[in-house]
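Coordinate inspection notes
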Amino acid sequence: MHRFISLSSKSKLKSSQKRFSTCYSTYNSINPPPNSPLTQTNNALYDKLSYKRPRFSFVFSSGFPLNPLKIATSTRAGGEFLNGRSFCSGAEAVISRESMNYDVVIVGAGPAGLSAAIRFKQLCHEKNVDLSVCVVEKGAQVGAHILSGNVFEPRALDELLPQWKQEDAPIHVPVTSDKFLLLTKNHALPLPSPFNNKGNYVISLSELVRWLGVKAEELGVEIYPGFAASEVLYDVDDKVIGVATNDMGVAKDGTRKDNFQPGVELKGKVTLLAEGCRGSLSENVISKYNLRDKGQGQHQTYALGIKEVWEVSGDKHYPGLVLHTLGWPLDHKTYGGSFLYHMKDRQVAIGFVVALNYQNPFLNPYEEFQKFKHHPAIRNLLERGTVLQYGARTLNEGGYQSIPYPVFPGGAIIGCSAGFLNVPKIKGTHTAMKSGMVAAETAFGVLHEGFSMEAYWEKLINSWIWRELHAARNFRPAFEYGLIPGLVLSALEHYVMKGRSPWTLKHGKPDHEATKEARLCPRIEYPKPDGVLSFDVPTSLYRSNTNHDHDQPAHLRLRDPQIPELVNLPIYDGPESRYCPAHVYEYMPDEKGQLKLQINAQNCLHCKACDIKDPKQNIQWTVPEGGGGPGYSIM
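These notes cover the structure that comes with them. (Residues numbered from 1 in each chain as written. Predicted model: local features only at pLDDT ≥ 70, side-chain atom pairs only at ≥ 80, totals over all residues. Heavy atoms only, no water.)

**Describing the overall build of the chain**
Put simply, the rule reads: Helix numbers and strand numbers start at the N terminus; a helix is a DSSP run of H or I with at least 4 residues, a strand a run of E with at least 2. Accessibility here uses a 1.4 Å probe with only protein chains present; expressed as a share of the type maximum, an area under 20% marks a residue as buried, one over 50% as exposed, and anything in between as partly exposed. Contact between two residues is taken to exist if any of their heavy atoms lie within 4.5 Å; hydrogens are not considered. Computed with a 1.4 Å probe, the accessible areas rest on the Shrake-Rupley method; for each residue, only the protein chains presented here act as cover.
A count of helical and extended segments in the chain gives 20 helices and 25 strands. Within the chain, buried positions represent 62% of all 635 residues. Looking at the chain alone, contacts between residues at least 24 apart form 76% of all its contacts between residues at least 6 apart. When the accessible surface of the chain is summed, it comes to about 25100 Å², and 51% of that surface belongs to carbon and sulfur atoms.

If you want it as structure tokens, here you go:
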């Protein structure tokens with residue numbers, strides 16, 4: 001995929017038009033029909049600026065077009081252009097790259113990033129202050145990388161946009177039933193539901209963030225989808241001063257292609273990182289400034305969530321029904337479970353979550369999900385149904401114990417990049433949004449009133465986020481002792497102690513260290529997919545709309561290329577071929593018949609499981625060219 005838009009002033013734009021007129025995109029999967037109003041709107045826009053129109057457009061599902069060329073023609077106050085430098089891998093020349101200044105730069109157009117942008121601009125309007133906000137998003141459009149079977153708690157939205165019900169927010173299906181089951185192989189045992197979903201809604205989170213994007217743009221926020229922030233910028237004092245997007249048009253061998261364009265520096269007086277779980281820039285900043293130890297001190301622990309959206313028969317569809325399960329098909333030492341949410345239009349989101357501290361390297365989360373769908377309590381719902389979409393994403397389950405100190409020189413970490421998921425609720429959208437709002441209020445105080453960004457930490461501790469996560473802190477580590485002890489301890493915490501116990505349980509080993517050697521574990525054989533309820537990975541991958549340009553440097557990098565063959569394969573039986581839900585990693589025989597690791601980076605769903613679970617932490621996930629990855633539309 002290619003998308004090249006010059007970040008230059010109007011005077012520079014005229015001189016650059018000829019150079020960029022040959023740039024185009026080959027991403028067809030989200031291209032609107034040729035005669036649609038959205039396509040015509042963008043055609044006119046490109047014609048006006050003498051650009052050759054890309055073959056896809058960035059639009060919100062509500063019909064509001066994102067202006068992908070606004071970044072090329074911005075005359076906003078404070079939008080000074082500076083010269084930066086970029087180095088293309090494999091190229092000898094130093095490349096000049098353009099730079100643009102903002103008051104606030106936000107990385108990630110998810111719930112946290114957009115809530116921060118909206119709240120910041122609300123304060124600007126309230127105080128009659130003109131401050132600029134830029135949101136950069138690696139997905140091809142806002143919401144394209146948002147994956148969550150979501151039961152939405154509107155608490156933060158009530159605070160951010162109190163009139164959301166009157167403003168046609170895509171929140172229409174209230175929770176009507178809330179069930180919790182413990183599964184054995186052939187039976188389902190009902191348990192008291194601890195989720196308390198009264199007043200919550202079953203939604204498409206992808207639709208919600210697109211709506212939030214519209215609201216942000218209406219307030220004057222500049223949103224640039226299709227640009228991947230790949231680098232944190234620092235000044236001479238090691239203070240963060242913004243981010244840079246990656247170079248575009250670089251071939252797999254590192255040479256520049258004909259359509260090469262250097263990355264762009266987006267500089268901000270305050271930088272907010274809202275990349276979601278295991279954000280690559282966020283992890284770099286956490287490590288550089290030792291923020292984990294400065295915060296709650298414990299390592300983060302993760303789970304992998306795999307999800308499908310089905311269209312089911314009308315007689316089996318009950319809008320607002322919510323079901324969660326624990327137990328089968330996972331063994332009692334592995335934490336995980338399922339969710340099943342009845343949305344609108346006969347759609348059901350069904351997913352399976354596996355904690356990544358599982359021990360057996362033969363466990364395959366994708367196959368566990370396929371197996372789960374054949375349980376008698378689930379199979380009947382899906383029979384005669386159709387799969388509409390597939391996706392996967394990691395989520396952070398460390399909770400209160402694992403929150404890093406979220407402030408760094410020049411900015412802050414917000415949302416799931418910091419890890420505000422409430423594990424017993426299985427909800428993190430409301431806490432992510434609230435953290436973005438708190439960070440925005442702090443950033444406004446920094447820029448308008450001379451406050452310190454350190455106040456963000458203090459405000460978090462005094463917010464309902466902190467109280468909620470503190471009360472839930474012992475739920476996840478309770479399952480370190482196994483399924484049944486975990487149920488007993490978590491019930492004690494929830495129903496008796498009500499989060500007020502005088503102790504705080506610790507997490508076990510980091511996820512990658514929890515993996516045992518293959519010789520110590522039983523091999524797991526999985527049934528072949530039937531093509532009706534269960535499917536092979538290529539079939540599912542097609543439903544994710546994932547897409548990457550094949551001729552670009554691999555964004556999945558091995559720190560030591562020998563470890564797969566010398567360590568992972570002989571000791572752990574190549575677990576990367578199983579924990580990845582997209583068959584990115586395969587061991588294939590070379591010309592001598594020796595198994596070698598092959599990385600199919602174009603399949604990547606951006607779930608980040610490999611970055612987390614690799615036993616030797618040898619795989620580094622980095623951003624590919626902007627616009628690459630999955631294209632979730634109804635997730």
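Structure's up, so let's keep going.
**Quick word on the nonpolar core**
As a rule of thumb, nonpolar side chains are buried together in soluble globular proteins. To keep it simple, the criterion reads: By nonpolar core we mean a set of buried residues, namely Ala, Val, Leu, Ile, Met, Phe, Trp, Tyr and Cys, connected to one another through side-chain atoms within 4.5 Å.
If you look at the biggest cluster of nonpolar residues, it comprises 84 residues, and the most contacted ones within it are Leu272 and Tyr456. Those residues in contact with Tyr456 that sit more than four places away from it in its chain are Pro406, Val407, Ala412, Ile413, Ile414, Phe420, Ser435, Val438, Ala439 and Thr442. Ranked by size, the runner-up nonpolar core spans 55 residues in total, among them Leu363, Ala392, Leu533 and Leu541.

**Re the packing of helix α11 (residues 429-449) against helix α13 (residues 464-471)**
Threshold: Lines fitted to C-alpha atoms define the axes, with helix axes restricted to the stretch in contact, and inter-axis angles between N-to-C directions lie between 0 and 180 degrees. When the near helix sits turned anticlockwise from the far one by under a right angle, the crossing is termed left-handed; a clockwise turn instead gives a right-handed crossing. Note on residue classes: Ala, Val, Leu, Ile, Met, Phe, Trp, Tyr, Cys and Pro are nonpolar, Asp, Glu, Lys and Arg are charged, and everything else, Gly too, is polar.
Taken N-terminus to C-terminus, the directions of α11 and α13 make an angle of 145 degrees; their axes are 10 Å apart at the nearest point. In the packing of α11 onto α13, the handedness of the crossing is left-handed. Packed against α11, whose contacting residues are His430, Thr431, Lys434 and Ser435, the element α13 presents Trp464, Ile465 and Glu468 at the interface. In terms of residue class, the contact of α11 with α13 is built from two nonpolar, three polar and two charged.

**Remarks on α11**
Short version of the rule: Multiplying one less than the number of residues by 1.5 Å gives the expected span of a helix.
Relative to the 30 Å expected for 21 residues at 1.5 Å per residue, α11 spans 29 Å between its end C-alpha atoms, a close match to the ideal helical length. Most of α11 is tucked away: 16 of the 21 residues are buried. The first or second residue beyond α11 is Gly450, which carries a positive phi of 75 degrees.

**With respect to helix α9 (residues 365-372)**
This is how it is decided: Pairs of N or O atoms are called polar contacts if they sit within 3.5 Å, as long as, within protein, a hydrogen donor faces a hydrogen acceptor (for residues adjacent in sequence, only side-chain-to-side-chain pairs).
For α9, a buried count of six out of eight residues is recorded, marking the element as mostly surrounded by other parts of the structure. Along α9, the residues that are buried comprise Pro365, Tyr366, Glu368, Phe369, Gln370 and Phe372. For α9, the capping residue at the N-terminal end is Asn364, with a side-chain oxygen 3.0 Å from the backbone nitrogen of Tyr366.

**Thoughts on the layout of surface pockets**
Operational definition: Detection works on a 1 Å grid of protein atoms alone, calling trapped sets that fit a 1.4 Å probe cavities and calling open sets with protein on both sides within 12 Å along at least five of seven lines pockets, with lining residues defined by an atom within 4 Å of a point. Grid points are joined across faces, edges and corners, and a volume is the space filled by probe spheres set on the points.
For the second largest pocket, the calculated volume is near 420 Å³. In terms of lining, the second largest pocket is formed by 21 residues, of which the most central are Asn422, Pro424, Lys425, Ala472 and His494. At the level of secondary structure, the elements contributing two or more residues to the lining of the second largest pocket comprise α13 and α15 (483-497). Residue composition of the lining of the second largest pocket, by class: six nonpolar, seven polar and eight charged.

**Notes on the side chain of Arg543**
Going by this rule: The convention is simple: Lys and Arg are positive, Asp and Glu are negative, and His and the chain ends are not counted. For this analysis, a salt bridge means a side-chain nitrogen from Lys or Arg found within 4 Å of a carboxyl oxygen belonging to Asp or Glu.
Residue position: Arg543 is located in the loop between α17 (537-542) and β22 (556-558). The side chain of Arg543 sits in the buried core without any salt bridge; Glu308 is the nearest counter-charge, 5.1 Å away.

**As for the side chain of Gln300**
By the secondary structure assignment, Gln300 is in the loop between α8 (291-294) and β15 (302-311). Here Gly398 takes part through its backbone nitrogen, which lies 2.6 Å from a polar atom of the side chain of Gln300.

**Observations regarding the packing of helix α4 (residues 111-127) against α11**
Operational definition: Any angle from 65 to 115 degrees is called roughly perpendicular, while one under 35 is roughly parallel, one over 145 is roughly antiparallel, and all others are oblique.
Contact geometry of α4 with α11 gives a least axis separation of 7 Å together with a crossing angle of 40 degrees. Here α4 lies oblique to α11, going by the angle between them. Relative to α11, α4 is oriented so that their crossing is right-handed. Residues Pro111, Ala112, Ser115, Ala116, Arg119, Phe120, Leu123, Cys124 and Lys127 of α4 form the contact with α11, whose own contacting residues are Thr429, Ala432, Met433, Gly436, Met437, Ala440, Glu441, Ala443, Phe444, Leu447 and His448. Each residue belonging to the contact of α4 with α11 can be placed in one class, and the counts come to 13 nonpolar, four polar and three charged.

**Overview of the pattern of salt bridges**
One pass over the full model with this rule turns up 23 salt bridges. One salt bridge connects Glu167 with Lys215, and the closest N-O pair in it is separated by 3.1 Å. Linking Glu167 in the loop between α5 (155-160) and β5 (173-174) with Lys215 in helix α6 (residues 205-218), this pair joins segments that are 48 residues apart in sequence. The shortest N-O distance in the salt bridge between Glu308 and Lys373 comes to 2.8 Å. A residue pair is termed long-range when its members are at least 10 positions apart, and Glu308 in strand β15 and Lys373 in the loop between α9 and α10 (376-382) qualify at 65 residues. Overall, Glu308 belongs to the buried group, its relative accessible area being 0%. Using a relative accessible area of 0% as the deciding quantity, one classes Lys373 as buried.

**Description of the pairing of strand β6 (residues 177-183)**
To keep it simple, the criterion reads: By definition, two strands form a pair when at least two bridges between them are found by DSSP.
Relative to strand β16 (residues 321-327), β6 is paired through seven bridges, and the arrangement is parallel. The partner of Phe180 across the bridge, within β16, is His324. Between β6 and strand β7 (residues 188-190), which pair antiparallel one after the other, the connecting turn spans four residues.

**Side note on the packing of aromatic side chains**
The criterion, for reference: To pair, rings of Phe, Tyr and Trp, with the six-membered ring standing in for Trp, must have centres within 6.5 Å; the planes then decide the type, stacked if under 30 degrees apart, edge-to-face if over 60, and tilted in the middle. Here, a charge over a ring is recorded when the distance from Lys NZ or Arg CZ to the ring centre is within 6 Å and its angle to the ring normal is within 35 degrees.
If you walk through the whole model with that rule in mind, you get 13 aromatic pairs. With centroids separated by 5.8 Å and ring planes inclined at 90 degrees, the aromatic side chains of Trp164 and Tyr201 adopt a geometry described as edge-to-face. Residue Trp164 is found in the loop between α5 and β5, and its partner Tyr201 is found in strand β8 (residues 201-204); the two are separated by 37 residues along the sequence. Both rings, one in Tyr366 and one in Tyr390, keep their centres 5.8 Å apart while their planes meet at 80 degrees; by these two values the pair is edge-to-face. Of the two residues, Tyr366 is situated in helix α9 and Tyr390 in strand β19 (residues 386-396); the sequence distance between them amounts to 24 residues. No difference in accessibility class separates Tyr366 from Tyr390, as the two residues are buried. Counting every residue linked through ring pairs, the aromatic cluster contains Tyr400, Tyr405, Trp457 and Trp466. Directly above the aromatic system of Phe260 lies the positively charged group of Arg256, at a separation of 5.2 Å from the ring centroid. Above the plane of the ring of Tyr234 lies Lys288, whose end atom (NZ or CZ) is 4.7 Å from the centre.

**Thoughts on the environment of Gln552**
Mapped onto the elements, Gln552 comes out in the loop between α17 and β22. Relative accessible area serves as the criterion here: at 8%, Gln552 is assigned to the buried category. Between the alpha carbons of Gln552 and Pro624 there is a distance of 8.0 Å; along the sequence they are 72 residues apart. Setting aside anything within four residues of it in sequence, one finds Gln552 in contact with Val250, Ala251, Lys252, Pro624 and Glu625. A polar contact is formed between the side chain of Gln552 and the backbone nitrogen of Glu625, at a distance of 3.1 Å.

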